[in-house]
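Structure assessment
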Amino acid sequence: MKPKTRNLKQNITRRLKEFQLIGQDHILSVGLLFISIFVFLFIILPLFRVIVQGFFVPDLGNNPDAGQFSLEYFARYIDPVFRTHSWNVVRDTMKMGMLTATFGTLLGFIFAYTATRCNIPFPRLFHVITLLPTISPPFAIAIAAILLFGRNGLITRQILGIDFTVGVNDIYGLDGLVFVQVITFFTVPYLMIRAMMERLEPAMEEAALSMGASKFHIFRTITLPLLIPGLAGSFLLLFVESLADLGNPLLISGNVTVLSAEIFLAVNGEYNQQKAAALSLVLLIPTITIFILQNYYVKKRSYVSVTGKPTGGQLMVKEPLIRWTFIVISALIVLLVLALYASIVGGSLTKLWGIDNSFSMQYYVTAFNRGLEAIVDTTFLSAVATPFAGLIGMLVAFMTIRKNFSGKTALDFISNLGGAVPGTILGIGYILAFIQAPWWAFWLVYAALAFYFASAGVKGAGGRLGLVLGATIIGYFLSTLPGKTAEGAMLGFETWLYLLAAILALTAGLVWWGTIGKTRRAATFTLLGMGLFLVIHNLSGPMLTSIVVWSRSLPGTQLPKIVSSISDHIGVFLQPTPTLMGLTFIMIGVFVIAQVGSRVKLPVSFLLLTTAAALSLTGEPLALIGTAYIIIFAYAVRSLPASVRAGVAALQQIDPSIEEASSNLGANAQYTFRRVTLPLILPAFIAGLIFSFARHMTSLSAIIFLSTPKWRILTVEILSAVEQGGMSLAAAYSVILIVIVLIAIGLTYFVLGRTLGSSGEQIDLSV
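Along every chain, residues carry numbers that run from 1 in the direction the sequence is written. For this predicted model, a pLDDT threshold of at least 70 governs which residues receive local features, and a threshold of 80 or more governs which side-chain atom pairs are given and counted, while totals over whole chains, interfaces and linings are taken from all residues. Only heavy atoms go into the side-chain values, all of them from the structure, while hydrogens and water stay out.

Things to note about the overall build of the protein chain
Put simply, the rule reads: Secondary structure follows DSSP: runs of H or I at least 4 residues long count as helices, runs of E at least 2 residues long count as strands, and numbering of each begins at the N terminus. By the convention used here, residues are in contact when the closest approach between their heavy atoms is within 4.5 Å.
Secondary structure assignment for the protein chain yields 32 helices and 2 strands. For the protein chain, contacts bridging at least 24 residues in sequence account for 80% of all contacts bridging at least 6.

Observations concerning the environment of Asp 92
The line we're drawing: Burial classification: accessible surface area is computed with a 1.4 Å probe over protein chains only, and a residue below 20% of its type maximum counts as buried, one above 50% as exposed, and the rest as partly exposed.
Looking at the element boundaries, Asp 92 is found in helix α4 (residues 83-117). Note on Asp 92: relative accessible area 11%, which makes it buried. Discounting chain neighbours no more than four positions away, the residues touching Asp 92 are Leu 174, Val 256, Thr 257 and Val 258.

Concerning the pairing of strand β2 (residues 356-359)
The condition that has to hold: Strands pair, by our definition, only if DSSP identifies at least two bridges between them.
Where strand β1 (residues 350-352) and β2 come together, 2 bridges link them in antiparallel fashion. Bridging from a neighbouring strand, Leu 352 pairs with Asp 356 of β2. Between β1 and β2, which pair antiparallel and follow one another directly, the connecting turn spans 3 residues, one of which, Gly 354, has a positive phi of 85°.

Observations regarding the packing of aromatic side chains
Stated formally: For Phe, Tyr and Trp, rings pair up if their centres lie within 6.5 Å, where Trp contributes its six-membered ring, and each pair is then called stacked (planes under 30 degrees apart), edge-to-face (over 60) or tilted (otherwise). The rule for a charge over a ring is simple: NZ of Lys or CZ of Arg within 6 Å of the ring centre, and within 35 degrees of the ring normal.
Counting across every chain of the model gives 30 aromatic pairs. Geometrically, the ring pair formed by Tyr 113 and Phe 326 is tilted, given 4.8 Å between the ring centres and 40° between the ring planes. With Tyr 113 in helix α4 and Phe 326 in helix α15 (residues 320-348), this pair connects stretches of sequence that are 213 residues apart. For Tyr 113, a relative accessible area of 8% corresponds to the buried category. Here Phe 326 falls in the buried class, since its relative accessible area comes to 18%. Here the basic side chain of Arg 76 rests over the ring of Phe 82, its NZ or CZ set 4.1 Å away from the ring centre. Directly above the aromatic system of Trp 512 lies the positively charged group of Arg 520, at a separation of 4.0 Å from the ring centroid.

Some thoughts on the packing of α4 against helix α9 (residues 187-198)
Selection rule: Note on definitions: angles span 0 to 180 degrees between N-to-C directions of axes, and those axes are lines fitted to C-alpha atoms, for helices only across the stretch in contact. Between 65 and 115 degrees an angle is taken as roughly perpendicular, under 35 as roughly parallel, over 145 as roughly antiparallel, and anywhere else as oblique. Two helices cross in a left-handed way if the nearer one is turned anticlockwise from the farther one by less than a right angle. They cross in a right-handed way if the turn is clockwise. Nonpolar residues are Ala, Val, Leu, Ile, Met, Phe, Trp, Tyr, Cys and Pro. Charged residues are Asp, Glu, Lys and Arg, and all others, Gly as well, are polar.
Look at α4 against α9: their axes get within 8 Å of each other, and the N-to-C directions meet at 40°. Here α9 runs oblique to α4, going by the angle between their axes. Viewed along their axes, α4 and α9 form a crossing whose handedness is right-handed. Each of Gly 104, Thr 105, Gly 108, Phe 109, Phe 111, Ala 112, Tyr 113, Ala 115, Thr 116 and Arg 117 in α4 lies in contact with α9, whose residues at this interface are Pro 189, Tyr 190, Ile 193, Arg 194, Met 197 and Glu 198. Across the contact of α4 with α9, the residue classes tally to 9 nonpolar, 4 polar and 3 charged.

Considerations on unusual backbone geometry
Although it is not a glycine, Asn 119 adopts a positive phi angle of roughly 50°. Within the element layout of this structure, Asn 119 appears in the loop between α4 and α5 (123-130). The phi dihedral of Leu 622 is positive, around 65°, even though this residue is not glycine. Residue position: Leu 622 is located in the loop between α27 (601-616) and α28 (628-651). Relative accessible area serves as the criterion here: at 4%, Leu 622 is assigned to the buried category.

A closer look at the pattern of salt bridges
Selection rule: Throughout this description, the term salt bridge denotes a Lys or Arg side-chain nitrogen within 4 Å of a carboxyl oxygen of Asp or Glu.
Counting across every chain of the model gives 5 salt bridges. Put simply, Arg 151 and Asp 170 hold a salt bridge, and the shortest N to O gap is 2.6 Å. Pair noted here: Arg 151 is in the loop between α6 (140-149) and α7 (154-159) and Asp 170 is in the loop between α7 and α8 (174-185), with a separation of 19 residues, a long-range link. Of the residues examined, Asp 170 reaches a relative accessible area of 12% and is grouped as buried. A salt bridge links Glu 717 to Arg 712; the nearest nitrogen and oxygen atoms lie 3.2 Å apart.

Points about α27
Note on helix geometry: an α-helix contains 3.6 residues per turn, so any two residues three or four positions apart are oriented the same way. Our working rule: Given the number of residues in a helix, its expected span is that number minus one, multiplied by 1.5 Å.
Across its 16 residues, α27 extends 22 Å between first and last C-alpha, which sits within 8% of the 22 Å expected from 1.5 Å per residue. Taken across its 16 residues, α27 has 13 buried, putting it largely inside the fold.

Section: the confidence of the model for the protein chain
Note the cut-off: The score called pLDDT rates the predictor's confidence residue by residue, from a low of 0 to a high of 100.
The predicted model of the protein chain has a mean per-residue pLDDT of 82, with 86% of residues at 70 or higher. Mean pLDDT per element in the protein chain: helix α22 (residues 486-491) is the minimum at 44, and α27 is the maximum at 94. Below a pLDDT of 50 lies the segment residues 301-312, which in the model reaches 24 contacts outside its immediate sequence neighbourhood of four places, other chains included. Every residue in residues 758-763 is under pLDDT 50, and counting partners more than four places away or in other chains gives 10 contacts.

A word on helix α20 (residues 439-457)
Between its terminal C-alpha atoms α20 stretches 26 Å, which fits the 27 Å expected from 19 residues at 1.5 Å a residue. Regarding α20, the residues found buried are Ala 441, Phe 442, Val 445, Tyr 446, Leu 449, Ala 450, Tyr 452, Phe 453, Ala 454, Ala 456 and Gly 457.

Concerning the environment of Phe 185
Relative to the helices and strands, Phe 185 is located in helix α8. Residues Phe 185 and Phe 239, spaced 54 residues apart in sequence, show a C-alpha to C-alpha distance of 9.9 Å. Discounting residues that sit within four places of it in the chain, Phe 185 has contacts with Leu 238, Glu 241, Ser 242 and Asp 245.

Now the structure itself:
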């Protein structure tokens, strides 16, 4: 045998053994399968559909060219008629990204250096104010900039008396856009660089100082080189964040057009999916390139001297000129941030900003009258998505740090990719992927789950294939039985589900009869619970509908909206789509089969998979547009990188021998993770949850295409108010959103302080 062939065979054998070791623990293997399916469906598939759609004419009705290959929108970059505009948009986009990244990183460094080396007064207050942009909508600073520095701004018009005639530069344009983006995003490099500076080993700086080197020489030759990876990573990350932003360019870019705004206008203004997809691909190329570069550079070049916590104190700056220069610059920016947020509050409390500045609560009354459903829906969906994203993030972090298997690096990369690509691209991808049933993707996911399920219940490849095919075919025929009507589906009342519930009850009886030992009770009651859920699903539809009808008879205007929204929220838990139920039943079935006695394992496997197949094949699988689930998944994808990074940072500080000791004493992976690992990483986990909730509440670019009249999103309402000229109403919405996020953070700290004691104080959002 040739050496290359032998090495290939050994490599394949080693990879198979890795997955076999993971497969020995069903919870671990199902977790890996689940996160793989999640990143495939909600990150890879949407991006793939965007790339493909850019080359094909969409079907918009009677278009005879629908489905044909076309390079029309790529050809515009060389077409004399369009190329000037097309290249100007790309140039302005790159210029905006470079300027924002440069000045944002510089400002973040100044703040980090001031906080760690200059002994600034009131350091905690300084840190909290600096974090304000992370808990506000992405375009809140743009609204504030218009209120202060706009053509009728408080400072520019009313205090300075500037008359914005033709030729006079105003806040609108590339310079204003860069300004608001720098203030919006500089917190990111501040946190990254501050974390690095706090963990620098001061011994080298102290040694250089003792040898007579000046502070500037030490900074230039020791400190700055050690910070280069952090500075480079901050620059690249800020560049991507700037290109991905949608809210600020829509509000304040003036006559300058950037790619994210043009993509939005192609969908919402021209209704041209191919153009939007083509422009998304153009924007995707630099963002993916920069993301790969940043990901590689930070991982490969982060060679800062770190030993957990510094062995000595930081080398503080005591020279008055240098120290106070940094403090004054930082203080002025802090005052600017406070002024911007004060203008948002002030703008929401005046009758007519710039004309009649008398106190008025009319915009809050309007906000709660007109936008109450958006406020309630956004808070609910964000709260549901937050633990979902947190658990997936911690699972990804645990698998990539603690386990070895093929594709581990790819899983880590793709899980972070969802938050790195511009949200407009992801939102368009969701529309393209899930507005109709993506059958090929569904069959791929279904086959992966079904064959893994079969491997737990049947031995031999032939038996597994027969089980999957037989159960799928019979499940398909069950899904076509009478009892499913359009009216019944609309009301959530479909009589055929009672048949599936009866099959699950029969399966539970088989398990009870054919299984001996402690596992019998758990497997039986799990199956009965699954059947009971189908009955509840069937009965809850008419009940929730009647609640909505009854709410219309309630007095006032707010109470009916609240009751109707609560009914919809309950429906999210009780009325999932049949496909989501079916795929979930397959994953639960893996644990059930592992506890079933061998003499009934085959019939139980067949009945359980048949029921799951019948649910999975009902209707249009994975046609999720218009449902709450697509918004929840989009939220989770956008905040997943924060949860992953928080988990990775925490796990890297925990000695693996602690978990190995638990395993050596007989604990399985899920018990070790639940009782050993999770308590140790809980502060990082909670920090990831806090950041995720804030990110969900303030998200716009990925969600703007997914909101519907039934599921209204607060950031979309803010943008709509601005487009209609209601700056004060938009300011009121923004204040409400910020208050909700602050209340959520405060409640989290309060609850953790009462339940976890000192552990609650260890939560650091800078993680």
